[in-house]
Each structure stands twice: as structure tokens, then as C-alpha cells.
Amino acid sequence: MAKRKLNRRQQWRVEKVQEERTLRAQKRERDISRQLQAGELSEEQEGIVIAHFGQLLNIEALEGEDKGEIHSCHVRANIDSLVTGDRVIWRAGKDLTGVIEARLERQTVLQRPDNFGNLKPVAANIDYIVIVIAPEPEPFQGLVDRYIVAAETVGIPPVILLNKTDLLTDENRKPIDDMMTLYESLGYHTIRASVKSPSSDSSEGMTELLDWLDQHTSVFVGQSGVGKSSLIQSLLPEHDIRVGALSENTRKGTHTTTTAKLFHLPSGGDLVDSPGIREFGLWHIGGQELLEGFIEFRPHLGFCRFRDCHHEKEPNCAILAAVESGEISERRMDSYRRIKNAIEDQNARGLMLRD
């Protein structure tokens, strides 16, 4: 299938941006060489990326006399993209500045495809992806399954967190409880929580959430308006985190977080608060990856009559047989089909990864 093609003006803009980036990188390298020669940079040490702001990254020192301090650092030109959570080797400069010399090996990396056919890392060295949902805005299983497939694809365990439980009503309680029960039956850990609000005088599930996050690095993902920033504000009251309200007209959230940032929990764990994501694109993954992203499908893969089985109407399809026997739920099968059709539609329109 053809990749997305750029017209002449778009190609010119891409080349112009690349040229400007090259010139900036060359200037930074000259400045760094001057600082090294003048003895203005410290010895190499280990640090962690706390946040990313354009050409500058906030690095927290993990050792030495600067341990715990945050430095605003430039990146050497030979280093590829860095994201929040990356461990790096860097040198401290004057006035809480510095230079990043190298990136250490990543244990895990969460990536998203952009609109130009490139995979972009979002966060690194993540232990858990906490998928946050809430009664409002209404949770959609298809979107939750997208997050789960994305987590399974990169090998990061997902946790489903139902926030704002004080907003549960007689009308919305059963479908949400059914959704949570389904994920629990698949072996996924679920947590129910509620931060203190005008309609609630107490918090629910926050102790369980803290225990789960303890000594791990986690990232919160979910629709805007589900309360990610409010949760982090409750977990870290000393930090000033902007909290958005739901739109009165749509009951959907407004984006409040503009850059991924890592926060330290008092218990020792870390949290990465990422920009709000309404749709988690999956058009970059293949058919086999999608199938394996549904963990209950895995025991049945490879047992269909036909090697190229599409799991639709083919005879002796192991996946369809599992649906009929109840081993795979109809809801999850429907979700798989919707995601599969969306990926095929996007690929047909030329949305594919670049080589």
C-alpha cells in the first residue's frame, strides 16, 4: 500500500524545518565544545528526564552533589529523541543548566504514531499503564480496548482505574460494573477511586492506588475529563497541576496537560502525566499484533482450519468457536472487529509507517 505522499509545498516545509534544526544543532555543538574547553561542565553523571520543553529538557540529577536538583539541559546532536522517563548521562553546567551526553538503554517505551507515518515515543521505562475512565465522560469499551492493545503490544501491563466513583448512578452503574467485571475476568487489575469533591466528603480507593503505584513508574492515560490531573493533584498536593472541567454542552473534558511530566510520589513511586489522548491510534500494528493484543485470543491462535483465517465466517475458526463457547466475550470480539476495520480503513487511505 502507498504511503502518504507530500505535495511540493509540504516537502519544502519539511526540508526547511530540517535545515533549521541542523543549524541549531551545529550552534549548540559549538557552544558545548566551548564550555568543555573552558571547564564549565562537570564530570559525567546519571540523570532522568523529568519533562521536555522544545529544545530543552529538565533533567533530575540521580547522583553526586547535584542529586535531586533539576537542570535545564541541551542535547548533543548525536542523540535521538528523548522522552520523559529516559535515563541519561549528562554534565552539569552553570546556573542549573547542563548538557545531555547519552541515553541509557530503555527497559520499555510507550509509542504513538503521528500523522506522517512515524512512531513517536511518549514515555520510557514505564512499569504500568494506568487507563483512567470515569462515569463522565461516558466510558467506551472500544477506547479502553485500544489502550489495552497498545499496552500489550509494547509489553507494559495495563491497570484499569475507574475514577469519580461518586458520579455512579442507578442509570450508569450496571454497564460500568459489567465492563470492570469483564476486565477483571481477563486477569487485569482494576481499581475504583474517587478524589474528594464538592459532592463527596471522602476519598475512595486512594490508599489502594498508592499501594499499587509504590516503587513503580506509571503513566496515566485516558480521555480528557476523566480526572487524571485531579488524581495526581490528590496524590501530590504540593504540586500545582492545572485541572480542567467538563464541558457543560458535551460532558467531555478539556485538555489541561500540555507536556508529559514525571512526578515523584512520597511512597517512592513515580508518575508520568501525559497529554490527554482521545484516540490512541493503532494503524501502525499488524494483524497478528492486534490479535495478540486481546489476551484471551492467544490460546486459540494457530488452531484455525485455514492459516489465513480472518476470523469472520470461515469454517472451523478457533476464535469464532471460542466466542460461541463463551471463552471470548461477544463484546470483546465486537471491539476487535471495530479496531481491525479501523486499521484496514486507515491503511487503505495510505496511513502507514515509514521505513
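Just so it is clear, the structure is predicted and the values come from calculations on it, not from any experiment. (Residues numbered from 1 in each chain as written. Predicted model: local features only at pLDDT ≥ 70, side-chain atom pairs only at ≥ 80, totals over all residues. Heavy atoms only, no water.)

Draft legend 1. Structural view of the overall build of the chain. Secondary structure assignment for the chain yields 8 helices and 13 strands. The contacts in the chain between residues at least 6 apart in sequence include a share of 63% that link residues at least 24 apart. (Helix = DSSP H or I, 4+ residues; strand = E, 2+ residues; numbered from the N terminus. Contact = heavy atoms within 4.5 Å.)

Draft legend 2. Highlighting the nonpolar core. Membership of the largest hydrophobic core comes to 29 residues, with the highest contact counts inside it found for Ile129, Val144, Ile160 and Tyr183. Elements that contribute at least two residues to this core include exactly β1 (45–53), β7 (119–124), β8 (128–133), α2 (141–154), β9 (158–162), α3 (173–185) and β11 (217–221). If you tally residues by element for this core, the top one is α2, at 5 residues. Not counting the four nearest positions on each side in its chain, Ile129 is found in contact with Leu110, Ala151, Ile156, Pro157, Pro158, Val159, Val219 and Val221. (Core = buried A, V, L, I, M, F, W, Y, C linked by side-chain atoms within 4.5 Å. Buried < 20%, exposed > 50% of the residue type's maximum accessible area, 1.4 Å probe, protein only.)

Draft legend 3. Looking closely at helix α5 (residues 228–235). Residues Lys228, Ser229, Leu231, Ile232 and Leu235 constitute the buried set of α5. Projection of α5 onto a plane perpendicular to its axis shows the buried side chains occupying an angular sector of 160 degrees, all on one side. (Arc of directions from axis to C-beta.)

Draft legend 4. Looking closely at unusual backbone geometry. Here Glu136 and Pro137 are connected by a cis peptide whose omega angle stands at -5 degrees. With respect to the secondary-structure elements, Pro137 resides in the loop between β8 and α2. For Asn125, which is not glycine, the phi torsion reads 55 degrees and is therefore positive. Among the secondary structure elements, Asn125 is positioned in the loop between β7 and β8. One non-glycine residue, Gln215, adopts positive backbone phi at about 65 degrees. Looking at where Gln215 falls in the secondary structure, it is placed in the loop between α4 (206–213) and β11.

Draft legend 5. Geometry of the pattern of salt bridges. By the definition in use, this model includes 14 salt bridges. One salt bridge connects Glu152 with Arg298, and the closest N-O pair in it is separated by 2.9 Å. Remark: Arg298 occurs in the loop between α6 (287–293) and α7 (318–325) and Glu152 occurs in helix α2; sequence separation between them is 146 residues. Arg298 gets classed as partly exposed once you look at its relative accessible area, which sits at 38%. (Salt bridge = Lys/Arg side-chain N within 4 Å of Asp/Glu carboxyl O.)

Draft legend 6. Summary view of the side chain of Thr165. Tracing the backbone shows Thr165 in the loop between β9 and α3. Relative accessible area serves as the criterion here: at 10%, Thr165 is assigned to the buried category. Apart from residues lying up to four places away in sequence, Thr165 is in contact with Arg192, Ala193, Ser194 and Glu204.

Draft legend 7. How the structure looks around empty space enclosed by the protein. Scanning the entire structure with this criterion turns up 1 cavity of 30 Å³ or more. As a volume, the largest cavity reaches approximately 70 Å³. Lining of the largest cavity is provided by Val132, Ile133, Ala134, Pro137, Pro139, Phe140, Leu143, Val144, Tyr147, Gly222, Gln223 and Val226. In terms of residue count, α2 provides more of the lining of the largest cavity than any other element does, 3 residues in total. Each residue belonging to the lining of the largest cavity can be placed in one class, and the counts come to 10 nonpolar, 2 polar and no charged. (1 Å grid on protein atoms, 1.4 Å probe; cavity = no way out; pocket = protein on both sides within 12 Å on 5 of 7 lines; lining within 4 Å. Points joined across faces, edges and corners; volume = space filled by probe spheres on them. Nonpolar A, V, L, I, M, F, W, Y, C, P; charged D, E, K, R; others polar.)

Draft legend 8. Seen up close, α3. When the terminal C-alpha atoms of α3 are compared, their 18 Å separation across 13 residues agrees well with the 18 Å that a helix rising 1.5 Å per residue should span. For α3, every residue scored as buried is listed here: Ile176, Met179, Met180, Leu182 and Tyr183. Along the axis of α3, the buried residues cluster in a sector spanning 155 degrees; they form a single face. Along α3, the residues that are exposed and aim more than 90 degrees away from the buried face are Lys174 and Ser185. Buried positions along α3 lie against β8, α2, β9, β10 (189–192) and α8 (330–348). Once α3 ends, the next one or two residues include Gly187, with phi positive near 100 degrees. (Expected span 1.5 Å × (residues − 1).)

Draft legend 9. How the structure looks around the pairing of β10. Looking at chain direction, β9 and β10 are connected through 4 bridges and run parallel. Looking at the pairing, Ile160 lines up with Thr190 of β10. Of the crossover connections in this fold, the one passing from β9 over α3 to the parallel β10 is right-handed. (Pairing = 2+ DSSP bridges. Right-handed = clockwise from strand over helix to strand, strands pointing away.)

Draft legend 10. Geometry of the packing of aromatic side chains. Throughout the structure, instances matching the rule amount to 4 aromatic pairs. Between the aromatic rings of Tyr128 and Trp212, the centroid separation amounts to 5.3 Å while the plane-to-plane angle is 35 degrees, which identifies the pairing as tilted. With Tyr128 in strand β8 and Trp212 in helix α4, this residue pair connects regions lying 84 residues apart in the sequence. Here Tyr128 falls in the buried class, since its relative accessible area comes to 15%. Judged by its relative accessible area of 27%, Trp212 is partly exposed. Grouped by ring-pair contacts, the aromatic residues Phe294, Phe297 and Tyr336 constitute a single cluster. (Phe/Tyr/Trp six-rings, centres within 6.5 Å; stacked < 30°, edge-to-face > 60°.)

Draft legend 11. Representation of the confidence of the model for the chain in the model. Residues at a pLDDT of 70 or more form 79% of the chain, whose mean pLDDT is 82. The secondary structure element of the chain with the lowest average pLDDT is helix α1 (residues 8–37), at 65, and the one with the highest is α7, at 97. For the stretch residues 242–257, pLDDT sits under 50, and the model shows 37 contacts to residues farther than four places along the chain or on other chains. (pLDDT = per-residue confidence, 0-100.)

Draft legend 12. Just the packing of α7 against α8, in detail. Axis separation between α7 and α8 bottoms out at 9 Å; the angle between their running directions is 145 degrees. In contact with Ile319, Leu320 and Val323 of α7, α8 contributes Glu330, Met333 and Arg337. When its residues are assigned to classes, the contact of α7 with α8 shows 4 nonpolar, no polar and 2 charged. (Axes fitted to C-alpha atoms, helices over the stretch in contact; angles between N-to-C directions.)

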